[in-house]
Structures are given as structure tokens and as C-alpha cells.
Amino acid sequence: QVQLAESGGGLVQAGGSLRLSCAASGRTFSRYAMGWFRQAPGKEREVVVAISWSGGSTYYADSVKGRFTISRDNAKNSVSLQMNSLKPEDTAVYYCAASFARTPVPLNHWSYDCWGQGTQVTVSS
């Protein structure tokens, strides 16, 4: 298994920036895609960004394109999410996840096998 731990959440005003980090431990020798999901109160969990094992393929939800950037460092077993120009609509609990699915960039939450505990991101207007 892979254990994931997120950090970097917090409170920020609209237009501000945050950087989320996710550290992986355990079965880190296995290849896995990684993604960030978020869930706001009363909303379904949705994919925000995802990245393949190699880092060569990425996915960005339309709502965050141009504002969020995902990157991973396999040597450090970590993945980061740089969030710029934050909006109140970005307020949610953000989860880091790892997938052992064979598709390079899984987009569905059920394709992910390991999850972090989540970190709260709150954007004030």
C-alpha cells in the first residue's frame, strides 16, 4: 500500500495562492498515477488535477485550468499542487490520491486506491 499525507491547506483571500503537498510512503516502488480531488459541503467529490507516473500526462478540470499546476517528484515520492488566483468556489477539502489503474491518468475517484486524510482550503471573498 501507499500512505499519503497532505499539507499546505489554509485560509486565503480571493486572488491569493496556496501550495499543497502530498508525501507518499510505503509501496513507493510501484508505479502509480496521482491526483487531487476536492469535496465541498453538499457537493460530490470531483477530480481537480491528475498526473501520470512519468509526469508526461496531466489532466486539469476546466474550472482550474490556467490557475492550478500539478507536479510530481518520484525521487522524493511527492506531488504538489500550486494553486493561484484562488476563488471562493475553490473552497473545499482537498484530497491527494494514488491509483494503480493501468490508464495513465485516471479521472474517476473509484479508480484511486489510496487516499490522504484531506486538507481544508478556504477562500474568502
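Up top you'll find the structure we're talking about.
Along each chain, residue indices are assigned from 1 in the same order as the chain's sequence is written. With pLDDT at 70 or above as the cut-off, local features in this predicted model cover only qualifying residues; side-chain atom pairs require 80 or more to be listed or tallied, and sums for whole chains, interfaces and linings still use all residues. Here the side-chain values reflect all heavy atoms present in the structure, with hydrogen atoms and water set aside.

Attention now moves to the side chain of aspartate 90. When you line up the elements, aspartate 90 lands in the loop between strand E8 (78-83) and strand E9 (92-99). Classification of aspartate 90 as buried rests on a relative accessible area of 1%. Among the polar contacts listed, one links the side chain of aspartate 90 to the backbone nitrogen of lysine 87, at a separation of 2.8 Å. In this description, contact between two residues means that some pair of their heavy atoms is separated by no more than 4.5 Å. The residues contacting aspartate 90, other than those within four sequence positions of it, are Arg38, Arg67, Phe68, Ser85, Val121 and Val123. Starting at the N terminus, helices and strands are each numbered in turn, a helix being any DSSP run of H or I of at least four residues and a strand any DSSP run of E of at least two. Burial classification: accessible surface area is computed with a 1.4 Å probe over protein chains only, and a residue below 20% of its type maximum counts as buried, one above 50% as exposed, and the rest as partly exposed. We define a polar contact as two N or O atoms separated by no more than 3.5 Å, with the added condition that, inside protein, one atom must be a possible hydrogen donor and the other a possible acceptor, whereas residues neighbouring each other in sequence contribute only through side-chain atom pairs.

To continue, consider the state of the cysteines. The criterion for a disulfide is a pair of cysteine sulfur atoms lying within 2.5 Å. Applying the stated criterion across every chain, the model contains one disulfide. Free of any disulfide, cysteine 114 has its nearest neighbouring cysteine sulfur in cysteine 96, separated by 9.9 Å. Residue cysteine 114 is classed as buried on the basis of its relative accessible area, which comes to 10%.

The tendency in soluble globular proteins is for nonpolar side chains to be buried as a group. Counting residues in hydrophobic clusters, the biggest one holds 29 residues, and the most contacted among them are Leu4, Trp36, Val49, Phe68, Leu81, Met83 and Tyr94. Beyond its immediate stretch of four places on either side in the chain, phenylalanine 68 contacts Arg38, Val48, Val49, Tyr60, Leu81, Gln82, Met83, Asn84, Leu86, Asp90 and Tyr94. Counting residues in hydrophobic clusters, the runner-up holds six residues, among them Phe37, Val47, Ala50 and Val105. Here, nonpolar core means buried Ala, Val, Leu, Ile, Met, Phe, Trp, Tyr and Cys residues that are tied together by side-chain atoms lying within 4.5 Å of each other.

What follows concerns the sheet that holds strand E3 (residues 18-26). Note on pairing: two strands pair once DSSP finds at least 2 bridges between them. Read across the sheet, four strands follow the order E1-E3-E8-E7 without closing on themselves; strand pairing throughout is antiparallel. Since the sheet does not close on itself, it has two edges, and those belong to strand E1 (2-7) and strand E7 (68-73), each with one partner. For this sheet, the mean angle separating the axes of adjacent strands, direction not counted, is 15 degrees. In this structure, E1 lies alongside E3, joined through six bridges in antiparallel fashion. Across the sheet, residue leucine 4 finds its bridge partner in E3, namely alanine 24. Lines fitted to C-alpha atoms define the axes, with helix axes restricted to the stretch in contact, and inter-axis angles between N-to-C directions lie between 0 and 180 degrees.

Think of a salt bridge as a Lys or Arg side-chain nitrogen and an Asp or Glu carboxyl oxygen that are within 4 Å of each other. A complete count under the given rule lists four salt bridges for this structure. With a shortest N-O distance of 3.1 Å, lysine 65 and aspartate 62 are connected by a salt bridge. Accessibility classification places lysine 65 together with aspartate 62 in one group, the exposed group. Residues joined by salt bridges that share partners form a network here, namely Arg38, Glu46, Arg67 and Asp90.

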